[in-house]
Amino acid sequence: MKALAVQRFLRSLGLPGVLALLGLLLAAALAWLGQGWEREAAANAAQADRLRAQLRLQRAAGPASSETAPATAAQWWQALPPASARQQRLADLLEMGLRLGLQSSRSEHRLSVDAATGLERLRVTMPLSGGYEPLRQYIEAALRHDPGLSLDGLKLRRASPQAAELEAELQWSLHGRAESAAGSETR
């Protein structure tokens, strides 16, 4: 009985009505499939973003060093970057944080040079805000990237226990060979 009613309904529509009905059904089916494709496309885009961020981190971290730590103080001093690389090293340090989405309003720098040892130290105080994971990745990438960098202090705060964002204050030291000492070594 239902089949007979459907046939009568289709005949009453005529050929243009049946084609229009089939077009509507096809559009509904494509819309339903499109939602699945949109979800898949969004998931793929999110995965691509994660992979791009991971690649940026790996590029920022530089090639993995297979060398062992210097055995003597003289070897350690020789392995330090020269003072002429100080600005680029500082720029690299700041850029790594920005690439990971960490927000920094300012940073403070203080340079000290020990003329007797030929060691220079640029102290960098850097307040940041962002998620825990990007902050952890930033610290790891920065320490891997620069052999003359040390993390001297780390303070973490959350506005509330449920807050996803952290407020951090990092205190770094960029160690390097002072220009005057580097010049006397090469003579």
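The shown structure was predicted, so the numbers you read here are calculated from the model rather than taken from an experiment. (Residues numbered from 1 in each chain as written. Predicted model: local features only at pLDDT ≥ 70, side-chain atom pairs only at ≥ 80, totals over all residues. Heavy atoms only, no water.)

When helices and strands are tallied, the protein shows five helices and four strands. Counted from the first residue to the last, the protein has its helices and strands arranged as α-α-α-β-β-α-β-β-α. For the protein, the computed accessible surface area is about 12900 Å², with 58% contributed by carbon and sulfur atoms. (Helix = DSSP H or I, 4+ residues; strand = E, 2+ residues; numbered from the N terminus. Areas by Shrake-Rupley, 256 points an atom, 1.4 Å probe, with all protein chains shown as cover.)

On to the pattern of salt bridges. Considering all chains together, one arrives at 10 salt bridges under this definition. A salt bridge links aspartate 146 to arginine 89, with the nearest nitrogen and oxygen atoms 2.7 Å apart. Separated by 57 residues along the polypeptide, aspartate 146 in the loop between α4 (132–145) and β3 (149–157) and arginine 89 in helix α3 (residues 86–99) bring together distant segments of the chain. Among the salt bridges present, the one from glutamate 108 reaches arginine 106, with a minimum N-O distance of 3.4 Å. Counted as one network, the salt bridges with shared partners bring together Glu133, Arg136, Glu140 and Arg144. (Salt bridge = Lys/Arg side-chain N within 4 Å of Asp/Glu carboxyl O.)

Quick look at the nonpolar core now. Judged by nonpolar contacts, the single largest core of 20 residues is most densely connected at Leu135, Tyr138, Leu170 and Trp172. Secondary structure elements with two or more residues in this core: α3, β2 (119–130), α4 and β4 (166–177). (Core = buried A, V, L, I, M, F, W, Y, C linked by side-chain atoms within 4.5 Å. Buried < 20%, exposed > 50% of the residue type's maximum accessible area, 1.4 Å probe, protein only.)

To continue, consider the sheet that holds β3. Strand order in the open sheet made by the four strands is β1-β2-β4-β3, with antiparallel pairing throughout. With one partner strand each, in any of the chains shown, β1 (108–114) and β3 form the two edges of the open sheet. The average angle at which neighbouring strand axes cross in this sheet is 15 degrees, direction not considered. Bridge count between β3 and β4: eight bridges; the pairing is antiparallel. (Pairing = 2+ DSSP bridges. Axes fitted to C-alpha atoms, helices over the stretch in contact; angles between N-to-C directions.)

Attention now moves to the packing of aromatic side chains. Within this structure, the stated rule accounts for one aromatic pair. Look at tyrosine 138 and tryptophan 172: their rings are 5.9 Å apart centre to centre, the planes differ by 80 degrees, and that puts the pair in the edge-to-face class. Residue tyrosine 138 is found in helix α4, and its partner tryptophan 172 is found in strand β4; the two are separated by 34 residues along the sequence. The pair formed by tyrosine 138 and tryptophan 172 is uniform in burial state, with each residue classed as buried. (Phe/Tyr/Trp six-rings, centres within 6.5 Å; stacked < 30°, edge-to-face > 60°.)

A few words now on the confidence of the model for the protein. Parts of the model with low pLDDT should not have their predicted coordinates read in detail. On average, the protein scores 83 in pLDDT, and the residues at 70 or more come to 87%. Within the protein, β3 carries the highest mean pLDDT (94), whereas helix α5 (residues 179–186) carries the lowest (49). Low pLDDT (under 50) marks residues 181–187, which in the prediction has five contacts with non-local residues, meaning those over four places away or in another chain. (pLDDT = per-residue confidence, 0-100. Contact = heavy atoms within 4.5 Å.)

The first and last C-alpha atoms of α4 sit 20 Å apart over 14 residues, in line with the 20 Å expected at 1.5 Å per residue. What α4 keeps buried is the set Leu135, Tyr138, Ile139, Ala141 and Ala142. (Expected span 1.5 Å × (residues − 1).)

On to a nonpolar patch on the surface, then. Together, Val6, Phe9, Leu10, Leu13, Leu15, Leu19, Leu21, Leu22 and Leu25 make up an exposed nonpolar region whose accessible area comes to about 830 Å². Given a relative accessible area of 53%, leucine 19 falls into the exposed group. (Patch = residues over 30% accessible without salt bridge, like charges linked within 9 Å, V, L, I, M, F, W, Y side chains within 5 Å.)

Because the α-helix completes a turn every 3.6 residues, residues three or four places apart line up on one side. Across its 14 residues, α3 extends 20 Å between first and last C-alpha, which sits within 8% of the 20 Å expected from 1.5 Å per residue. Among the residues making up α3, those that are buried are Arg89, Leu90, Asp92, Leu93, Met96 and Gly97. Along the axis of α3, the buried residues cluster in a sector spanning 155 degrees; they form a single face. Set apart from the buried face of α3 by more than 90 degrees, the exposed residues are Gln87 and Leu98. Note on α3: the residue one or two positions beyond its end, glycine 101, has a positive phi of about 85 degrees. (Arc of directions from axis to C-beta.)

On a regular strand, each side chain points to the face opposite its neighbour's, so the side chains alternate between the two faces of the sheet. Summarising the sheet, β1 and β2 pair through seven bridges and their orientation is antiparallel. Each bridged residue has a counterpart across the sheet, and for valine 113 the counterpart in β2 is glutamate 120. Here β2 runs beside β4; their pairing, made up of 12 bridges, is antiparallel. Counterpart to arginine 123 in the pairing with β4 is serine 173.

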